[in-house]
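# Examining the three-dimensional arrangement
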Amino acid sequence: MPPEEQNQTDNQEEVLVSQIAAENAEERIDEDYIPEEPLQVIHQEKHKWLAKLKRPKFWLRLAVILFLTLVFAWLITPSRTWILNTLRVRANFTASVFVSVDDGAAPSLKNAKISVGGQEYVTGDDGSASIKLPYGTNHLTISKAGYQAQETDADLDFDPFFGLLGGWDDGLNQSFYLQNTGISLTFLARDWLTGKAVTSGSFAIGDVVASPSASGEVLLTIPATDDDVAELTAKFDSGYNNKTYIVSLVGSDDQELQLVSSGRHYFVSKQTDGLAVFGCDIDGSNLSEIVPGSKNETSDIAFAISGSGDYGVLASTREAEEDSSGRIQQKLYVVDIDTENLTAVDTAQSFKIVDWQGDTVVYIATYLNDSGVVTERLSSVNATTLTRTDLSNGTSYLYARVSSSSVVYLTTSEEVKTVKIGGGTEKILGTSVKNIVQPGADKFAFQIADSTWQQFDANSNLVSVASTPSSLKRAFLNIRSQDQQKQVIYDVLNSQASIISYNLAGSQETIVYQGDFTAPISWAGNNIVFRQGSADYVVAPDGSSSPKKITDVALTTQASSNYFSFY
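Just so you know, these numbers come straight off a predicted model, no measurement behind them.

## Points about unusual backbone geometry
Look at the link from Ala519 to Pro520: it is a cis peptide, with omega at 5°. As for its placement among the helices and strands, Pro520 is situated in strand 38 (residues 518–524). We note that Ser451 has phi near 70°; this positive angle belongs to a residue other than glycine. Summarising the element assignment, Ser451 is placed in the loop between strand 31 (443–447) and strand 32 (453–457). Overall, the relative accessible area of 48% leaves Ser451 in the partly exposed class.

Right, here's the structure in full:
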């Protein structure tokens, strides 16, 4: 290429490059360009604020604005409450509780509970309580047992002028009035022995009296009280002991009263000096000493209570008298249960109590006769008149039972006899008697030498031929239950000694206990008492209970016999 053309081409390329560079430069200028005048404005504003911050007037104006804002916030209740609660300032709130009355001055109500914010407070003797509460709305519950509870909101405010204008702490002293509704006390009346509902009797706290429902529930509404417990009196015409109980008035809906059947149990124990006679209710409570112990007492001591419970008979060596052979003798005492007086009615080496007919006791006395021979005598004593009657004398007795107005007994000469409890001529019922049993309360079957059986009916006083009895161990306690509806039978069933309750009205028999037991067996009211080991137990005659222990006793000598002895 000629030099001229080459130069021309180079110049064109340079021009093109310059154009492209100019275009790129314009693009960069468009992106980063900042006009000179706005920058000057920004710098000027900055200098103005810096100048203001340096001026005292600016800060004074700002302080005035902030102060006015705080004053405005303080004068508005919500913001004032927020400020106080944020600073944990608390109001001194006083609640005064009164009894609501129609006329007259409302009395203060002490021990009222005020619940607020998960906390509980109690009013004092003046009926008021001082409480620290946050400002604002507080939900209060005021309550007390026996009064209608009240729920309310207490709006607590702080006087923004600090009392300078005559007010101070709005609503910080408030009064509440509770309506007296009484305390509702509900409990179940239960039999201590059987657990059955008791539906008789009356239950009273003060002047408020209620009777149990068919389920044994008792509801009493008593005047409001500050006491946590109350004294409740249970009264019965019959069947249960009158007794005073202490019941809870707080959380009392599930309470049960264990009521004790009437009737006292009597036993010998060493709870004090020597062997003494005690009485107690069938649950072991209400213990009392009937006959004090004596240093001369021996284990031959015996005590039996009459069917009425008015008298007892005690065989005791307490006077330590000796017979002609130098042996310590017992005396038989009639004990008046009410007065606890003892009256000696007989003296012998020992006594075995047979049974009672009313308030007359039948017993066997072992004594030394005028010839110096030990012999036995069958006697009775009327505890009311203190009269002794000798029924049979000069022999020994293998068996003796009381029925109706007679005594039936078997002598060592194998004669079965009967005699009236009040005395009279003995009647021989059979001779060469090998066995005797009591199939009925008033019937006695005995087996004679030819192995045949005969039966004596104490009611008709007649003897007749009889079939072999189904049981050869059966015996009846003549004393009846307190309601005169039941008797106790001793028998051996399936090789087990058994206590049986016999219902006189329907001739129904109920086995109430089987196992090891010993005399004495007796009635305590309408329940049966028996001894097992060194403790006495009670059981219901309808078989509705297991035996319950009454008390520990002192083991005394029991008369040995081929026939069961109830005492």
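There's plenty left to go through after this.
## Things to note about the pattern of salt bridges
All chains considered together, the criterion is met by 19 salt bridges. Arg377 is paired through a salt bridge with Asp390; the nearest N and O atoms lie 3.3 Å apart. On the criterion of sequence distance, the pair formed by Arg377 in strand 24 (residues 374–382) and Asp390 in strand 25 (residues 387–395) is long-range, its members being 13 residues apart. Given a relative accessible area of 38%, Asp390 falls into the partly exposed group. Salt-bridge contacts for Asp491 lead to Arg474; the nearest nitrogen and oxygen are separated by 2.9 Å. Note that Asp491 is positioned in strand 35 (residues 486–493) and Arg474 in the loop between strand 33 (462–466) and strand 34 (475–477), a separation of 17 residues in sequence. Owing to a relative accessible area of 1%, Asp491 belongs among the buried residues under this scheme. Salt bridges sharing partners connect three or more residues here, namely Asp346, Arg377, Arg388 and Asp390.

## Topic: the environment of Glu297
Among the secondary structure elements, Glu297 is positioned in the loop between strand 17 (288–291) and strand 18 (302–305). Classification of Glu297 by relative accessible area gives buried; the value is 11%. Distance in space between the C-alpha atoms of Glu297 and Glu319 is 8.5 Å, their sequence separation being 22 residues. For Glu297, the contacting residues outside a window of four places in its chain are Leu275, Ser316, Thr317 and Arg318. Engagement of the side chain of Glu297 in a polar contact is seen with the side chain of Ser316, the distance being 2.6 Å. Polar side-chain contacts of Glu297 include one of 2.9 Å to the backbone nitrogen of Thr317.

## Some words on the packing of helix 3 (residues 56–75) against helix 4 (residues 77–86)
Contact geometry of helix 3 with helix 4 gives a least axis separation of 5 Å together with a crossing angle of 100°. In this view, helix 3 runs roughly perpendicular relative to helix 4, as classed from their interaxial angle. Taken together, the residues of helix 4 that come into contact with helix 3 (itself represented by Ala73, Trp74 and Leu75) are Thr77, Ser79, Arg80 and Leu84. Tallied by class, residues from the contact of helix 3 with helix 4 come to four nonpolar, two polar and one charged.

Here is what the cut-offs are and how they apply
- Residues numbered from 1 in each chain as written.
- Predicted model: local features only at pLDDT ≥ 70, side-chain atom pairs only at ≥ 80, totals over all residues.
- Heavy atoms only, no water.
- Helix = DSSP H or I, 4+ residues; strand = E, 2+ residues; numbered from the N terminus.
- Buried < 20%, exposed > 50% of the residue type's maximum accessible area, 1.4 Å probe, protein only.
- Salt bridge = Lys/Arg side-chain N within 4 Å of Asp/Glu carboxyl O.
- Contact = heavy atoms within 4.5 Å.
- Polar contact = N/O pair within 3.5 Å; in protein donor to acceptor, adjacent residues only side chain to side chain.
- Axes fitted to C-alpha atoms, helices over the stretch in contact; angles between N-to-C directions.
- Parallel < 35°, antiparallel > 145°, perpendicular 65-115°, else oblique.
- Nonpolar A, V, L, I, M, F, W, Y, C, P; charged D, E, K, R; others polar.

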